Amino acid sequence: MTESIRIAGDEHDSGAERELSWRAKSVGLVALDIDDAELIHTWRSDPVAAHQIGIWPRSLTAMRERIERDIEDDDRDDFLIYPSSGTPVGYVALTSQNIVNGTAQVELLLAAQHRGHGHGTAALDAVVDLAFGELPMYRLTAETHTDNTPALAVLAKSGFTQEGISRAACLHRGRRHDLAVFSLLRPEWEELNRPRAWDA
């Protein structure tokens, strides 16, 4: 039986229903669609988010083309994050999937007004459970600026370990930034004392 969620609020098409791809205790993950381009574009254009993840705003057309291309990519899964309110609060992805080696990278972006409410940790936990519980992944990695304190905290809370620092690895607004490199291995995930997404 397919589970769906009714979207509420002004940030997206009010009253529409979207199929849940993956469900956890406090959030649901909905597969990203081309029609989500405007929403993602708005979030990525936020100056704080742009600095923290080292991006610069692109045109809405470019965002649509990127999402359309990514949807066809078998090496990634992209999701909108929906809490119980039915309003999308962010985006999470499992990218660079290598089934042979069992490796992938995680990405996370929250809308400015929805940060600090636990949605990031819930979404990261959910996509980690997807990677280790449904997919044959053994190692997940993540990178963020070393001064991105909220992201560092979310990664640590979800069980990731900082492996090191890639010095001056990111150029953003004329400055070089160090990147903190994190990883989580399957045996470490198995030892985490928390409910799994499928226990929701």
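Calculation rules
- Residue positions within a chain follow its written sequence, with the count starting from 1.
- The predicted origin of the model limits local features to residues at a pLDDT of at least 70 and limits the giving and counting of side-chain atom pairs to 80 or more, whereas totals for whole chains, interfaces and linings rest on all residues.
- Side-chain metrics in this entry use all non-hydrogen atoms of the structure; hydrogen atoms and water are not considered.
- One bridge is not enough; two strands pair if DSSP finds at least two bridges between them.
- Only DSSP runs of H or I with at least four residues qualify as helices, and only runs of E with at least two residues qualify as strands; both kinds are numbered from the N terminus onward.
- Note on contacts: a residue pair is in contact if any heavy atoms of the two residues lie within 4.5 Å.
- Helix axes use the C-alpha atoms of the stretch in contact, all axes being lines fitted to C-alpha atoms, and the angles between their N-to-C directions lie in the range 0 to 180 degrees.
- Three exposure classes are used, based on accessible area relative to the maximum for each residue type with a 1.4 Å probe and protein chains only: buried under 20%, partly exposed in between, and exposed over 50%.
- A residue's pLDDT is simply how confident the predictor is in it, with values from 0 to 100.
- Any Lys or Arg side-chain nitrogen located within 4 Å of an Asp or Glu carboxyl oxygen qualifies as a salt bridge.

(A) Layout of the sheet that holds strand 7 (residues 103-110). A sheet is described by the order of its strands in space; here 8 strands give the open sequence 3-4-5-6-7-8-10-9, paired in mixed fashion. Only two strands of the sheet have a single partner each, and these edge strands are strand 3 (22-23) and strand 9 (161-172). Relative to strand 5 (residues 77-83), strand 4 (residues 27-31) runs antiparallel, the two sharing 5 bridges. The residue bridging Val30 from the neighbouring strand is Leu80, located in strand 5. Lying on the sheet, helix 5 (residues 149-157) is in contact with strand 7, strand 8 (139-145) and strand 10 (175-185); it crosses strand 8 at an angle near 160°.

(B) Structural detail: the side chain of Thr141. Note on placement: Thr141 falls in strand 8. Filtering out sequence-adjacent residues up to four positions away, Thr141 remains in contact with Ala104, Gln105, Val106, Phe160, Phe182 and Ser183.

(C) Just the pairing of strand 5, in detail. Within strand 5, 6 of the 7 residues are buried, which leaves it mostly tucked inside the rest of the structure. Relative to strand 6 (residues 90-98), strand 5 is paired through 5 bridges, and the arrangement is antiparallel. Note on strand 6: the bridge partner recorded for Phe79 is Val92. Count of turn residues in the strand 5/strand 6 antiparallel hairpin: 6 residues, of which Gly86 carries a positive phi of about 80°.

(D) Representation of the confidence of the model for the protein chain within the structure. In the predicted model, the protein chain carries a mean pLDDT of 86, and 88% of its residues have values of at least 70. Taken element by element, the protein chain is modelled with least confidence in strand 1 (residues 4-6), mean pLDDT 47, and with most confidence in helix 6 (residues 186-190), mean pLDDT 98.

(E) Structural context of unusual backbone geometry. Phi at Ser96 takes a positive value of approximately 50°, unusual for a residue other than glycine. The topology assignment puts Ser96 in strand 6.

(F) Quick peek at the pattern of salt bridges. Per the counting criterion, the structure on display carries 7 salt bridges. For Arg76, the salt bridge is made with Asp78, and the minimal N-O distance between the two is 2.7 Å. The exposure class assigned to Arg76 is buried, which follows from its relative accessible area of 13%. Where salt bridges share partners, they join Arg66, Asp70, Arg76 and Asp78 into one cluster.

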